[in-house]
Amino acid sequence: MAFVQLRGIKKQFGAVNAVDGVDLEIKDGEFLVLLGPSGSGKTTLMRLCAGLEKPTAGELVIDGEVVNDVPPRERGIAMVFQSYALYPHKTVFKNIAFPLTVEGLDKSEIRYKVELAAGLLGIGRLLERMPSQISGGEKQRVAIARALVRKPKVLLMDEPLSNLDAKVRHTARVELKKFQQEIGVTTIYVTHDQAEAMGLGDRIAVMSEGRVRQIGIPEDIYHDPADTFVAGFIGNPPMNFVEQNGVIVGFRPEVFLPAELASTEDQTKFRFKVTRVENLGSFKLAYGTIGETGVIANLQLRVPLEEGREYDFSVRSKDVRYYHRETGVRITK
Amino acid sequence: MLKKIFLKGGFYGALAFFILFSASPFYIMLITTFKKSHDLFNPNNNPFFFAELPTLDHMKLLFSQTLFTTFLWNTLLVGVAVVVITVLLAVPAAFSLARMAGKWGESIGIGIFLTYLVPPTLLFIPLSRIVAILGLQNSLWSLILVYPTFTVPFCTWLLMSFFKSIPKDIEEQALIDGCSRMGAFFRILLPLAVPGIISVVVFAFTLVANEYIYALAFIQDSAKKTIGIGLTTELVRGDVFYWGSLMGGALLASIPVALLYTFFLDRIISGLAMGASKR
Amino acid sequence: MKPKKHFFDRETVLAPLLVLPAGLYIVLFVGFPFVMSFVYSISNVTVGNPNFKIVGLQNFTAILADPVFRTSLFNTVIFTVVSVLLVLVFAHILAELLLRDFRGKWLVRFLIMLPWTAPIALGAVGFLWFLDSVFSPIDWLLRDVGLLGKPGALLGPASNLYWLGRPVLAMASIILVHVWRLLPLGTVILISGMNSIPKEIVEAAQMDGAGYFRRLFDINLPLLFPVIGVTILFATFFTFTDMTVVWVLTRGGPPPNATQVLASLAFLTGIEGGDLAQGAAIAIFFFPVLAGLAIIVLRLVKKAIVT
């Protein structure tokens, strides 16, 4: 178990700043999710932690030791790749045993540890199979077992669920979280899927263009986005933005309600012209405009709305967020 | 229906033509090897089949009266030595160029491939001087020293494309699982590259068995000759007496090489085509 | 921190170190002789006189004035061009045949590949018998069908054609053997190219009602262009620089030099005659063609990297 610190980490590939000055602190036993669109530098940041890339500037500290010049194998980390990277020529047993074999442990100890890890992940019956003979979900478990068998200080995971089909993915996510909590290993998890990030992360670091835009618990990231990028990236559909009096006014689609349904609290009012209504089963989405700006409302099915008409809508003032018109940074009012 | 039969007939006809064209020299070797001299040297007898009973006389002569087995042995010796040298030089180079060396690795790789396009016929004159200065004329060592000039460049290129086809993740996983760069190479990449290395071994060996010009230029001593020059210089003397043995020798030596090569042909050719067109 | 311990992790040191043995070997035994062949070509070095002087372009003026050299150059070009063209045409037909499925394909493939997979010197030995002045099985066949050896026969009344004894027939024989040898290589390269053409394109063209030749010229050939390029490249390379076929079959004969090629002439001059300088000068004539091939290879590789 260990904490990880990143101090002013930069990574350049030629003229491109893949990671552009990141400061992060990951606590002992924490599950930190790096969330961002592709090209945001999240995978590079993780590879820097793993030692697969060398930082151009900055310091990387694991468990109190600066590890910039320490090769991956001596960092006490383990990693699960997106592709799982199982050694295709080795059986599942030998795959999981590999880190221990390299360490030079004796056979009985290796067998004991591999069987323990395999048992934890419920893959004990697969040990003699080859990687080509098991399913995607099983491969993922093998990769995790291999990562954990050495009892790493830090576990790194690069989109480990993205190669699974949608059905398996949800259960895998729940199990992964349960598992991490049980053994309490410090975990850094890279994903571009915000549902995964929300469900898994103790904290989420949202990245874009090589920088961390916001770091916080999932609720804060969702309800109090630090800037318009985070606000626009998180949430499906994302936050609505309307420009008023020289500032950007932002509010989530589900707090944007017909005025008559609103409570008596302090309200901010809008005229909402509905252009299209989409029924999505348990709720519906109303697309329309405030002035010239397109916005979306997420409503219960029973709210009556007709396409082409204008309504009075409102948002509780405490649900409204304000952002600077040029920089997009949040302003507190 | 008639058209279909006609097309089918045309197809098999054309195929038969090409098979005859390609295989007939080997067929004629086979027949000639086992023909009695009396049968063989009668211009009126059908050369494509036996007019008299077949005989093993030419074969016996080949193995007892000629240096055929010596030629084979020499070829095998040179082949094994060259294969070992080639693998020792080409495998690390290909790994480095494909996996470690980034951009300049690509350029050097192409450079090494281009040296494959420098033919023996351009190099044999200076090389004959080098061989003479080193005192290796008439020695199999001259061939062992020089043959890697064509095996190393091509095999390096072939292995580069092989190493490139192994996902990078797997190597990085090995680094994280406790290997050094070299450790990952020996423990993970090398076992995965075994099929590629085998095809390189086969390819290098068949190239050695094929080589003619250097052997012709460096070796005059009959007992030091390899199979190609041995057969064509020692058994061809305008002396009709040797025809059956000559054919038998050529057939016996070419079929194993051809079988070996055919077995790995697809991989080698795709490497050849990759080298020049796509990766 | 502890550089010794991490030696096997240091890419910047390891990468050059691993290339070094192969690189050094290639520099010493390909690069150096390559340069030396140029140096020799402008010197007066012979086997008997290794302490040579640079004599300028003297060797080149001498060989250019030599009719034997000019014949050899002409023969080399003819052999190469005709062989490559024939290989292309036949390989295309053969590739189309082999793309289909039929029983015993492995054996058929093995037989058809034989000329390429078996050592060429040994394959040529088979042709030596085929083209023998007295016992040639081809002549026997021609006699058998009445085209040869009878008064008034189409190919003459003599009982043999003397394939390797008459200049034009000897040249044709050399070309025949080159085509025989390179056909499998060309075929395999073309097959790999044809397999890479998406089936939908061909099917779409068939449905549009395009006939065989229409499909050949409008679809197959343009798509196959790079692969055809590769075929030409290798076929040219192997024919242009080869001397094995000539050496085994004719040694440059029939006299004086009907089938002499650059490679065999360089060998005769440089090794058998001991005149290293002139031999090298003759071999230098490979260089422009090879350089051209190298440039094409580089272009193709670059294109492949971009796409």
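Student: It is not clear to me how the overall build of chain A should be interpreted in this structure. Could you clarify?
Tutor: Across its full length, chain A holds 8 helices and 19 strands. Principal-axis analysis of the C-alpha atoms places the extent of chain A at approximately 75 × 45 × 35 Å. Here chain A holds 333 residues, and the buried ones make up 40% of them. If you take every contact in chain A between residues at least 6 apart in sequence, the share linking residues at least 24 apart comes to 64%.

Student: Looking at this model, I keep getting lost on the packing of helix H4 (residues 68-100) of chain B against helix H5 (residues 102-115) of chain B. Mind explaining?
Tutor: For any two helices packed against each other, one specifies the crossing angle of their axes together with the interaxial distance. All names here are of chain B. Between H4 and H5, the shortest axis-to-axis distance is 7 Å and the interhelical angle comes to 140 degrees. Here H5 runs oblique to H4, going by the angle between their axes. Here Ser 96, Leu 97, Ala 98 and Met 100 of H4 come into contact with H5, specifically with Gly 105, Ile 108 and Gly 109. Looking at the contact of H4 with H5 residue by residue, the classes come out as 4 nonpolar, 3 polar and no charged.

Student: Got a minute to help me understand the domain arrangement of chain A in this structure?
Tutor: All names here are of chain A. Looking at chain A, the domain boundaries give domain 1 (4-228) and domain 2 (238-331). Here the C-alpha centre of domain 2 lies 38 Å away from the C-alpha centre of domain 1. The interface is formed by 4 residues belonging to domain 1 together with 8 residues belonging to domain 2. The residue makeup of the side of domain 1 that touches domain 2, split by class, is 2 nonpolar, 1 polar and 1 charged.

Student: Can you walk me through the interface of chain B and chain C in this structure?
Tutor: Many analyses report the size of an interface as the accessible area lost when the parts associate. Counting from both sides, the interface comprises 80 residues of chain B and, opposite them, 77 residues of chain C. Residue contributions to the side of chain B that touches chain C peak at 15 residues, all from helix H14 (residues 243-276) of chain B. When grouped by side-chain class, the residues that make up the side of chain B that touches chain C number 59 nonpolar, 17 polar and 4 charged.

Student: What is the right way to look at the nonpolar core in this model?
Tutor: In globular proteins that are soluble, nonpolar side chains generally tend to be buried together. If you look at the biggest cluster of nonpolar residues, it comprises 258 residues, and the most contacted ones within it are Leu156(A) and Leu159(B). In this structure, this core is formed jointly by two domains, domain 1 (4-228) and domain 2 (238-331) of chain A, each of which donates at least three residues. With near-sequence residues (within four places) excluded, Leu159(B) lies in contact with Ala90(B), Val91(B), Ala94(B), Ala193(B), Gly196(B) and Val200(B).

Student: Would you mind showing me how to read the confidence of the model for chain C here?
Tutor: All names here are of chain C. On average, residues of chain C score 83 in pLDDT, and 96% of them are at 70 or above. When pLDDT is averaged over each element of chain C, helix H3 (residues 67-99) comes out on top at 91 and helix H13 (residues 286-306) at the bottom at 75. In the predicted assembly, ipTM is 0.85 and pTM is 0.84.

Reading the values: the criteria
Residues numbered from 1 in each chain as written. Chains lettered and ligands numbered in written order. Predicted model: local features only at pLDDT ≥ 70, side-chain atom pairs only at ≥ 80, totals over all residues. Helix = DSSP H or I, 4+ residues; strand = E, 2+ residues; numbered from the N terminus. Buried ≥ 20, exposed ≤ 12 C-beta atoms within 10 Å, placed from the backbone. Contact = placed C-beta atoms within 7 Å. Axes fitted to C-alpha atoms, helices over the stretch in contact; angles between N-to-C directions. Parallel < 35°, antiparallel > 145°, perpendicular 65-115°, else oblique. Nonpolar A, V, L, I, M, F, W, Y, C, P; charged D, E, K, R; others polar. Domains from an automatic or database assignment. Core = buried A, V, L, I, M, F, W, Y, C linked by C-beta atoms within 7 Å. pLDDT = per-residue confidence, 0-100.

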